[in-house]
Amino acid sequence: MSGRHNNKLPNNLPQLQNLIKRDPQSYTEEFLQQYRHYQSNVQIFKLQPDKPNKELSDLVMFLAQVGHCYVQQLSNFPQELTELLLSHHTVLESDLRMTFCKALILLRNKDLINPTGLLELFFELLRCHDKLLRKTLYTHIVADIKNINAKHKNNKVNTTLQNFMYTMLRDSNPIAAKISLDVMVELYKRNIWNDAKTVNVITTACFSKVTKLLVAGMKFFLGKDEEEQDASDSESEEEGPSARDLMVRYSTSKKNTKSKKKLEKAMKVLKKHKKKKKPEVFNFSAIHLIHDPQDFSEKLLKQLESSKERFEVKIMMMNLISRLVGIHELFLFNFYPFIQRFLQPHQREVTKILLCAAQSSHERVPPEIIEPVIMTIANNFVTDRNSGEVMTVGINAIKEVAGRCPLAVTEDLLRDLAQYKTHKDKNVMMSARGLIQLFRTLNPQMLHKKDRGRPTELSAEARVRDYGELEAKDYIPGAEVLVEEEKAEGEEDEEGWESASISDDDEDGEWVDVHHSSDEDTTEMAEKLQSMPVEERKAKAAAVSSSRLLTQDDFKKIRLAQMAKEVNAAPGKGQKRKNVDVDDEDSNRGELLTLRNIEKLHKKPKADKETRLATAMAGRTERKEFVKKRTKLNPYASTSNKEKKRTKNFMMMRHSQNVRTKSKRSFRDKQIALRDSLLKKKKQYK
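Residues numbered from 1 in each chain as written. Predicted model: local features only at pLDDT ≥ 70, side-chain atom pairs only at ≥ 80, totals over all residues. Heavy atoms only, no water.

What follows deals with the packing of helix α21 (residues 367-380) against helix α22 (residues 388-404). Any two packed helices are characterised by how steeply their axes cross, that is the angle between the axes, and by the distance between the axes. The geometry of α21 relative to α22 is characterised by a closest axis approach of 9 Å and an angle of 165 degrees between their N-to-C directions. The orientation of α21 relative to α22 falls into the category roughly antiparallel. Crossing hand, α21 versus α22: left-handed. Touching I370, I374, I377 and A378 of α21 are G394, A397, I398 and V401, all from α22. Residues belonging to the contact of α21 with α22 are distributed by class as follows: seven nonpolar, one polar and no charged. (Axes fitted to C-alpha atoms, helices over the stretch in contact; angles between N-to-C directions. Helix = DSSP H or I, 4+ residues; strand = E, 2+ residues; numbered from the N terminus. Parallel < 35°, antiparallel > 145°, perpendicular 65-115°, else oblique. Left-handed = near helix turned anticlockwise from the far one by under 90°. Contact = heavy atoms within 4.5 Å. Nonpolar A, V, L, I, M, F, W, Y, C, P; charged D, E, K, R; others polar.)

This is how it looks when you write it as structure tokens:
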């Protein structure tokens with residue numbers, strides 16, 4: 001029985017593989033026999049490399065499975081497989097080529113091959129016209145590089161592979177270059193190759209002549225990273241004063257209309273500040289890591305001007321250039337006249353172009369460069385001959401540009417646009433009011449006196465900076481609040497000790513009124529600070545900033561005081577102030593703009609007749625099942641006399657016996673006729 005079992009082993013490779021893994025030393029002779037068999041098969045294969053060879057593929061997988069058991073005997077086996085693939089990969093049969101690759105992957109997973117040489121071989125094999133092989137290699141390359149850098153960054157291997165990637169992106173084969181780019185992007189997203197070198201290698205793809213590579217490179221810089229966004233969201237929620245702080249501050253006072261209105265105002269301001277601190281949806285770390293953004297944007301603009309790509313690709317180029325200019329605050333003066341040509345209401349994707357114009361504007365651009373763009377938008381969009389939606393989009397675009405470059409808007413243009421606050425179209429009216437609200441905080445002097453609103457403390461302190469002016473402060477604005485609060489707390493402590501000594505005589509078990517920090521205290525504090533001269537405020541703030549380390553609670557108090565400045569009226573003005581319902585999102589000016597900022601409509605546009613009709617017809621699609629189905633045995637047969645009588649003109653039937661007797665029927669006859677018809681219908685539906 002044992003002899004018969006041994007005779008099976010040379011032909012039964014899975015069984016031999018299982019036995020070798022259990023006891024390698026006992027089956028060395030059988031293994032060497034199979035290894036010699038493999039070598040002879042390789043010699044036969046080299047004579048006809050394009051022929052399928054099932055026996056060779058089985059032997060290769062067998063040797064790869066037991067490779068860790070006979071490391072010395074199989075020391076040349078990985079090198080032989082690599083040479084076979086390098087020399088014959090273009091003519092190899094697809095199944096055999098896949099087997100060779102899987103064997104090498106198996107050996108690499110057992111750490112029997114150096115990763116650098118193997119990954120370079122796999123990048124070469126990406127040129128093969130075999131989709132399944134390319135997918136397998138892509139998955140292994142990403143997983144292998146991830147495992148190499150799992151415990152710590154292996155800079156030696158990373159540098160070698162990144163240099164090889166740089167050559168692969170310039171490869172003549174577009175498929176291999178595209179997969180190499182996909183590998184780099186995937187590794188960047190997984191935080192494995194998230195360094196500046198990777199990003200700057202990917203920038204070369206943005207100048208490729210292959211459209212797929214070009215689009216993939218630009219999508220990388222314009223793409224999203226939702227995980228980082230969620231993490232930063234949770235971090236940002238913990239900072240700053242919460243709604244609960246405001247509730248404690250305001251709701252413990254007297255329950256009157258005044259305190260309720262103050263609480264509503266303060267909650268609005270808090271909401272606005274939270275949106276200011278809200279992190280960007282898009283991941284800009286890649287754009288920040290570019291070595292020379294000025295040179296990169298200039299080359300992109302040159303490519304855009306001479307590009308013959310589809311319009312969608314050109315829009316992507318414009319978007320990337322505008323983000324580069326806005327984030328890095330670059331000087332690219334030729335970009336604005338280029339965009340200006342497309343600023344027409346009938347232009348395809350015009351809202352995206354307006355978005356690019358807004359993103360590319362910043363404080364360092366001279367106002368005379370941005371001013372023609374604003375005038376073009378105003379002349380082409382904000383005119384009464386256009387529809388309300390077009391005018392709204394134009395005013396929203398001007399508002400976004402003006403928020404980033406306030407000096408580019410002239411006083412005459414601003415006052416003209418402010419007059420649309422009484423326009424009959426609600427969308428136009430609300431956009432104009434949003435523009436007025438923006439300039440109330442930026443530069444109220446440019447508005448008409450009636451549009452400035454009642455000034456708050458913050459607007460009274462606001463000052464327009466000239467072009468290129470930088471306002472650097474050697475103190476933390478609002479830190480003087482801490483000095484006043486310490487004084488107030490000291491006084492309260494003294495009063496507290498006195499009241500405690502008096503309350504000893506009180507009877508036990510009775511409630512004692514506790515004094516909370518109320519709205520009255522905050523108003524007293526605000527009045528004290530308002531009555532204080534500006535120079536004294538600055539001196540106190542500088543003294544606090546330089547004399548001690550501020551805690552998180554101190555910063556929270558400072559933020560609350562600064563937010564109160566947006567609610568409290570300026571000194572010498574009444575507390576009553578008319579509320580204008582303007583979206584607080586307008587003040588959210590970060591690195592990124594979205595299309596919603598440009599296309600924002602406060603009222604849903606009325607649907608035209610075709611749209612309403614299409615909606616009505618769409619709702620009637622499933623009504624056929626409730627209609628009685630009338631089927632004929634012969635579809636070509638004529639209608640019966642009874643059906644013809646029903647459709648016949650009444651004037652032809654008025655003298656017939658049926659019609660004349662029908663009108664003269666008694667009530668009893670009508671009852672009988674109704675009963676008969678109902679019984680007849682009941683029989684039909686059974």
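Still more ground to cover, so stick around.
Counting residues in hydrophobic clusters, the biggest one holds 143 residues, and the most contacted among them are Y38, F100, F122, F221, L320 and F439. With 11 residues, the single largest contributor to this core is helix α18 (residues 311-328). Non-local contacts of L320, meaning those with residues more than four positions away in its chain, are made with C206, M218, F221, L222, I287, F296 and L300. (Core = buried A, V, L, I, M, F, W, Y, C linked by side-chain atoms within 4.5 Å. Buried < 20%, exposed > 50% of the residue type's maximum accessible area, 1.4 Å probe, protein only.)

The contact between helix α7 (residues 115-125) and helix α8 (residues 131-148) brings their axes to 10 Å, and the two run at 155 degrees. Taken together, α7 and α8 sit at an angle that is classed as roughly antiparallel. Seen along the crossing, α7 lies across α8 with a hand that is left-handed. For the pair α7 and α8, contact is made by P115, L118, L119, F122, F123 and L125 and by L133, L137, H140, I141, D144, I145 and I148, respectively. Along the lines of polarity and charge, the residues of the contact of α7 with α8 split into 11 nonpolar, one polar and one charged.

Let's shift gears to the side chain of S360. In this fold, S360 is placed in the loop between α20 (350-359) and α21. You can call S360 buried: its relative accessible area is 0%. Beyond its immediate sequence surroundings of up to four residues, S360 is in contact with S322, V325, G326, F335, Y336 and V365.

What follows is about a positive patch on the surface. A surface patch of positive charge is lined by K642, K644, K645, R646, K648 and K680. Ranked by residues supplied to the positive patch, first place goes to helix α32 (residues 641-647) with four residues. Inspection of the secondary structure assignment puts K680 in helix α35 (residues 667-685). (Patch = residues over 30% accessible without salt bridge, like charges linked within 9 Å, V, L, I, M, F, W, Y side chains within 5 Å. Areas by Shrake-Rupley, 256 points an atom, 1.4 Å probe, with all protein chains shown as cover. Salt bridge = Lys/Arg side-chain N within 4 Å of Asp/Glu carboxyl O. Lys, Arg positive; Asp, Glu negative; His and termini not counted. Charge placed at Lys NZ, Arg CZ, Asp CG, Glu CD.)

A few words now on helix α10 (residues 174-189). Between its first and last C-alpha, α10 extends 22 Å over 16 residues, near the 22 Å set by a 1.5 Å rise per residue. Within the sequence span of α10, burial applies to A176, A177, I179, S180, L181, V183, M184, V185, L187 and Y188. In this fold, the buried residues of α10 make contact with α7, α8, α9 (155-169), α11 (196-202), α12 (211-222) and α16 (285-288). Structurally, the start of α10 carries an N-cap: the backbone nitrogen of I175 is 3.1 Å from a side-chain oxygen of N173. (Expected span 1.5 Å × (residues − 1). Polar contact = N/O pair within 3.5 Å; in protein donor to acceptor, adjacent residues only side chain to side chain.)

Attention now moves to the packing of aromatic side chains. Evaluated as defined, the whole model comprises 14 aromatic pairs. Seen from their ring centres, Y188 and F220 are 5.0 Å apart, and the 85 degrees between their planes marks the pair as edge-to-face. Within this pair, whereas Y188 is found in helix α10, its partner F220 is found in helix α12, the two being separated by 32 residues in sequence. Accessibility expressed as a relative area gives 7% for Y188, which makes it buried. For F220, a relative accessible area of 10% translates into the label buried. Put simply, the rings of F31, Y35, Y38, Y70 and F77 pair up and form one aromatic cluster. (Phe/Tyr/Trp six-rings, centres within 6.5 Å; stacked < 30°, edge-to-face > 60°.)

For the protein chain, the mean per-residue pLDDT works out to 81, and 79% of the residues sit at or above 70. In the model, residues 225-238 has pLDDT below 50 throughout and makes 11 contacts with residues more than four positions away in sequence or in other chains. Taken together, the stretch residues 576-589 has pLDDT below 50 and engages in 32 contacts with residues farther than four places along the chain or on a different chain. (pLDDT = per-residue confidence, 0-100.)

For T82, the position within the fold is in helix α5 (residues 77-88). A relative accessible area of 16% means that T82 is categorised as buried. Each residue touching T82, except ones within four places of it in the same chain, is listed here: L104 and L121.

The next subject is the pattern of salt bridges. Scanning the model with the defined rule gives 19 salt bridges in all. Ionic pairing is found between E186 and R190, a salt bridge with its closest N-O pair at 2.9 Å. The exposure class of E186 is partly exposed, given its relative accessible area of 23%. Using a relative accessible area of 40% as the deciding quantity, one classes R190 as partly exposed. Note that E411 and R415 form a salt bridge whose closest N and O atoms lie 2.9 Å from each other. One end of the pair, E411, and the other, R415, are both in helix α23 (residues 411-418), four residues apart, so they sit about a helical turn from each other. Judged by relative accessible area, which is 36%, E411 ranks as partly exposed. In the salt-bridge network here, residues are joined through shared partners; they are R108, D111 and D144.

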